[in-house]
2 protein chains.
Amino acid sequence: MATAIIKNRKQQIHLTAKNLFRERGYAATSMRHIAAELGIEAASLYSHIKSKEEILQLICFELAEQFLKSSDELQKKKLPAKELFKQAVTEHIRIITQNMDSSVVFLHEWRHLSEPFLSDFKLMRKRYENFYKNILKAGAEEKKFQIRDEKLTLFVIFSAMNGIYEWFTPKGKLQPEEIAEQMVEVFLNGILK
Amino acid sequence: MATAIIKNRKQQIHLTAKNLFRERGYAATSMRHIAAELGIEAASLYSHIKSKEEILQLICFELAEQFLKSSDELQKKKLPAKELFKQAVTEHIRIITQNMDSSVVFLHEWRHLSEPFLSDFKLMRKRYENFYKNILKAGAEEKKFQIRDEKLTLFVIFSAMNGIYEWFTPKGKLQPEEIAEQMVEVFLNGILK
DNA sequence: ATATTTGCCTAACGACCGTTAGTTAGGATG
DNA sequence: CATCCTAACTAACGGTCGTTAGGCAAATAT
């Protein structure tokens, strides 16, 4: 079937784009560059995709949906705050480490989205942040967490998790599950003996 | 004196560039855009600066030197690990919050530097990371810190500090000193009650 | 066997890129 | 007053950008 070939090529394009967008940034990556990586001409890309930005949109929203989906599923479990927190961090880190290229693009290149996609994206991110904010709130109400400034704490946690791409290598000795476990340990108990 | 006017204009250009590089990224910011912000033509910028990259170099290395200078001065103090750690975090956060635009460029746009500047920059960053790594090492030797994976811990701390630009506003209620204090508290003791 | 679809090609579009050359008005300096 | 210097200008350079149009050969469908 022909559709299979097309789909494959489309996937190849997205994969290559993800990789280049991550390495050089969206703005500094040209269609000719993506094409060259695949051994074809830039114009040929347009048999498979609509535009450069469409690729960016797909990357950003695909990942946003993964984050939101996993948070929705965790919500349903009705766990105590501490346990929910552990599982949320583990899930977030799983998604990031399983989608390294996409994650970097998701984190830093979303600003090149045009409207209305930009606004939609920001909204989804806000929703996801609120999921975490509510975990912190619940933990404080359960008298399990001690939080002086909610926003600060929230962003310490997000920044640490989202910064994983700076040092993680899939072939290193530290695997996602253990990263999650150790990060949770730092977040909950700190590094003091 | 004429030099004063030149210097001023040069500073204006750098200031505008910092701001635009932060907001749109280096690659997506054109010389014409910088010029327009100042009400002049793109070609006129070249009376004051050598090239677009020169601006980026100045931003990146200026900040790198600030970080290294502050770490050198802290080294000299011969403090116990925990106290050194506190002061290092406070200094880092002071520099970041005092140079918000530069910081974002420093953190994300350095990859557009050409050689040999790129290699120089990476070396300086490595030196600074080692300063922090040694604090963690010292703390572990003093049996004050409990660190399972040094690299993970290091990057949790760096990511949290460097992510401040995502939420900090100079006019907000949380000021640099207090951010530092609260972050140190999270790093050392975590959020568990 | 014929007709259609696919995946690529070449050529080109107008727009914008960083940068250089040469000029000019106006203020500072002698 | 004559000279120099500055900071801007206009014009233009070669190049690259994302994208479109139209064609062509091979694969697929009828």
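Structure: see above.
Residues numbered from 1 in each chain as written. Chains lettered and ligands numbered in written order. Predicted model: local features only at pLDDT ≥ 70, side-chain atom pairs only at ≥ 80, totals over all residues. Heavy atoms only, no water.

Trainee: Whenever I open this one, the overall build of chain A confuses me. Can you help?
Mentor: Looking only at helices and strands, one finds eight helices and zero strands in chain A. The order of helices and strands in chain A, counted from the N terminus, is α-α-α-α-α-α-α-α. Counting only C-alpha atoms, chain A reaches 60 × 40 × 35 Å along its principal axes. Counting only residues that meet the buried cut, chain A has 49% of its 193 residues in that class. Element-wise, carbon and sulfur atoms account for 51% of the exposed surface of chain A, whose accessible area totals about 9800 Å². (Helix = DSSP H or I, 4+ residues; strand = E, 2+ residues; numbered from the N terminus. Buried < 20%, exposed > 50% of the residue type's maximum accessible area, 1.4 Å probe, protein only. Areas by Shrake-Rupley, 256 points an atom, 1.4 Å probe, with all protein chains shown as cover.)

Trainee: When you look at unusual backbone geometry in this model, what are you seeing that I'm missing?
Mentor: A cis amide bond, omega 5 degrees, links E115(A) with the succeeding residue P116(A). Residue placement: P116(A) occurs in the loop between α5 (100–108) and α6 (117–141). For K78(A), which is not glycine, the phi dihedral falls at a positive 55 degrees. Relative to the helices and strands, K78(A) resides in the loop between α3 (52–76) and α4 (81–98). Residue classification places K78(A) among the exposed positions, given a relative accessible area of 74%. Phi at K143(B) is positive, roughly 60 degrees, even though this residue is not glycine. Secondary-structure assignment places K143(B) in the loop between α6 (117–141) and α7 (150–162).

Trainee: Where do I start with the relation of the copies chain B and chain A in this structure?
Mentor: Between the two chain copies there is a screw-like relation: a rotation about an axis and a shift along it. Mapping chain B onto chain A calls for a screw motion: a turn of 180 degrees about the axis and a shift of 0.0 Å along it, with 0.0 Å RMSD after fitting. Put plainly, the chains are arranged around a two-fold axis. Taking C-alpha positions as reference, the residue of chain B nearest the rotation axis is G190(B), located at 2.0 Å. The fraction of interface residues of chain B whose copies in chain A are also interface residues reaches 98%, indicating that both copies meet through the same surface. (Least-squares fit on C-alpha atoms with pLDDT ≥ 70 in both. Contact = heavy atoms within 4.5 Å.)

Trainee: Would you mind showing me how to read the interface of chain B and chain A here?
Mentor: Often, the extent of an interface is quoted as the loss of accessible area on bringing the components together. Contacts between chain B and chain A engage 45 residues on the former and 44 residues on the latter. Taken together, both faces of the contact between chain B and chain A bury some 4100 Å²; the carbon and sulfur share is 60%. Of all residues in chain B, L152(B), I191(B) and L192(B) bury the most surface against chain A, accounting for 18% of the area lost on that side. There are six salt bridges connecting chain B and chain A. Between D149(A) and K173(B) there is a salt bridge, and its shortest N-O distance comes to 3.6 Å. Breaking the side of chain B that touches chain A down by element, the ones donating at least two residues are α1 (2–24), α7 and α8 (176–189) of chain B. For the side of chain B that touches chain A, the element with the highest residue contribution is α8(B), accounting for nine residues. (Buried area = accessible area lost by both parts, 1.4 Å probe. Salt bridge = Lys/Arg side-chain N within 4 Å of Asp/Glu carboxyl O.)

Trainee: Honestly, the nonpolar core in this entry has me stumped. Any pointers?
Mentor: A general tendency of soluble globular proteins is for nonpolar side chains to be buried together. Of all hydrophobic cores here, the largest spans 132 residues; its most connected members are M183(A) and M183(B). The contacts of M183(B), once residues within four sequence positions are left out, are L152(A), V156(A), I93(B), A160(B), M161(B), I164(B) and W167(B). (Core = buried A, V, L, I, M, F, W, Y, C linked by side-chain atoms within 4.5 Å.)

Trainee: What should I look at first to understand the pattern of salt bridges in this one?
Mentor: Pairs can form between side chains of opposite charge whenever their charged atoms are close. Taken as a whole and assessed by the stated rule, the structure comprises 18 salt bridges over all chains. The partner of R148(B) in a salt bridge is E181(A), and the shortest N-O contact between them spans 2.9 Å. Taken together, the residues span two chains, with R148(B) in the loop between α6 and α7 and E181(A) in helix α8 (residues 176–189). The partly exposed category is assigned to E181(A), whose relative accessible area is 45%.

Trainee: Help me understand the side chain of H92(B) in this model?
Mentor: Residue and element names in this part refer to chain B. Within the fold, H92 resides in helix α4 (residues 81–98). At a separation of 2.7 Å, a polar atom in the side chain of H92 contacts the side chain of N162. Residues within four places of H92 in sequence aside, it is in contact with F67, Y128, Y132, F158, M161 and N162. (Polar contact = N/O pair within 3.5 Å; in protein donor to acceptor, adjacent residues only side chain to side chain.)

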